[in-house]
Amino acid sequence: MHGAPNKRYNRQKFSHAKDQDGVARLPRKRFYRQRAHANPFSDHTLEYPSSPEAMDWSSYYPAFTTDTSPEESTQLKKLTKDVEVVDIGCGFGGLLVALAPLLPETLLLGLEIRTSVTQFVQEKIWALREQNEGKLYQNAACIRANAMKFLPNFFKKAQLTKIFICFPDPHFKARKHKARIVSTTLNSEYAYALRPGGILYTITDVEALHRWMVQHLDAHPSFERVPEDEVEKDECVKVMQNETEEGKKVARNKGQKFVTLFRRIEDPPWE
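One numbering rule holds for all chains: residues counted from 1, following each sequence as written. In view of the model being predicted, local features appear only for residues whose pLDDT reaches at least 70, and side-chain atom pairs are presented and counted only at 80 or more, with totals across whole chains, interfaces and linings using the full set of residues. Where side-chain values are given, they derive from all heavy atoms of the structure, hydrogens and water being excluded.

The protein chain goes by tRNA (guanine-N(7)-)-methyltransferase in an unreviewed UniProt entry, where it is assigned to Metarhizium album. Under Subcellular location (unreviewed entry), UniProt gives the following word-for-word description of the protein chain: "Nucleus". UniProt positions are given in the numbering used here, feature names are shortened, and annotations may be inferred rather than shown by experiment. Entered under Pathway (unreviewed entry) in the UniProt record, the comment concerning the protein chain runs "tRNA modification; N(7)-methylguanine-tRNA biosynthesis."

J.: Residue-level account of the confidence of the model for the protein chain, with values.
T.: A score from 0 to 100, pLDDT tells how confident the predictor is in each residue. Residues of the protein chain with pLDDT of at least 70 account for 81%, and the chain-wide mean is 87. The contact rule is simple, with two residues in contact once any of their heavy atoms fall within 4.5 Å. Long-range and interchain partners of residues 1-5, a stretch whose pLDDT sits below 50, account for one contact in this model, where long-range means more than four residues apart.

J.: Talk me through the sheet that holds strand β3 (residues 140-144); I want residue IDs and the actual numbers.
T.: Two strands form a pair only when DSSP identifies at least two bridges running between them. Secondary structure elements follow DSSP: runs of H or I no shorter than four residues count as helices, runs of E no shorter than two count as strands, and numbering proceeds from the N terminus. The seven strands lie next to each other as β3-β2-β1-β4-β5-β7-β6, forming an open sheet whose pairing is mixed. Of all the strands in the sheet, the pair left with one neighbour each is β3 and β6 (223-225). The mean inter-strand angle of the sheet, taken between neighbouring strand axes irrespective of direction, is 20 degrees. In the sheet, β6 pairs with strand β7 (residues 258-264) via three bridges, with the strands oriented antiparallel. Counterpart to R225 in the pairing with β7 is F262. Axes here refer to lines fitted to C-alpha atoms; in helices the fit is confined to the stretch in contact. Angles between the N-to-C directions go from 0 to 180 degrees. Seen against the sheet, helix α2 (residues 94-102) touches β1 (83-88), β2 (107-112), β3 and β4 (160-166) and runs at an angle of roughly 180 degrees to β2. Sheet strands in contact with helix α3 (residues 115-131) are β2 and β3, and its direction is about 160 degrees off that of β3.

J.: Run through the pairing of β1, naming residues and quoting values.
T.: Whether a residue is buried, partly exposed or exposed follows from its accessible area with a 1.4 Å probe, protein chains only, as a fraction of its type maximum: under 20%, in between, or over 50%, in that order. Among the six residues in β1, five count as buried, and that is most of the element. Note: β1 against β2, five bridges, orientation parallel. Bridge pairing in β2 links I88 to L111. Once the chain exits β1 it traverses α2 before rejoining the sheet at β2, and the crossover so formed is right-handed. Pairing geometry for β1 and β4, over four bridges, is parallel. Opposite V85, over in β4, you have K162 as the bridge partner. For the handedness criterion, the strands are oriented away from the viewer, and a crossover whose path from the first strand over the helix to the second runs clockwise is classed as right-handed.

J.: How would you sum up the nonpolar core? Please name residues and give values.
T.: Among the buried residues, those of types Ala, Val, Leu, Ile, Met, Phe, Trp, Tyr and Cys that are joined through side-chain atoms within 4.5 Å form a nonpolar core. Core analysis: the biggest nonpolar cluster contains 40 residues, and W57, Y61, I88, L109, L111, F155 and Y190 have the highest contact counts within it. In contact with L109, not counting residues within four places along its chain, are W57, Y61, V83, V85, V86, D87, L96, A141, C142, I143 and F155. Formed by 34 residues, the second largest nonpolar core is a distinct cluster that contains F92, L95, L128 and F164.

Given below as structure tokens:
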């Protein structure tokens, strides 16, 4: 009697695999399944830099890495530009993959806490780069990280232009509300990382969570709500609604999507 298929073996088998024509094959999602959510307060085994200046991005964005001479090869390689767009809890990377061709000169990063899901997104991006002969998707990457704990370790003040929070875990029970990705404390970290004029994008199919996020962002002095006419013109909103895996699932189930954008405002002058 044969047991269940070994997903790790199959994952390795299809990792960086090519079809008969020598074209890189995309990873198969069924070999990267994991629990829908992870506890952000657990002690996950994570790697993170001591500060943004200590982060080596060269392996994630090789096309945007400065060349180094042989004697400098042991030094930290620098990027030609900073990461500017972050998808917190990027899931299987639908938003990253859709935005990368739209923003080819902007570095996009997905943050995902689940190991298998992170590996899936990384391998998907590598395969897409190869399929496009290195001309596309060089600006997208994904790392395993806990944004609730270590966001300031990766990004310096006013570095980001966009932060996406798409279909986050609603944590319905009141005692779990402290784990919601939008909160008074975390909103201050988003305000720290976003430059004035930067946009925080939120979308959910849970109306109670939508009201929670709006309430907490409305109350924060560093954010103002983006008017609906501007929201409708933002091309990233359409991508967020239609290209994420959760967005497609909600559409199949004929559910409702609640979208809100908040702009980072200038800090008041010191008196």
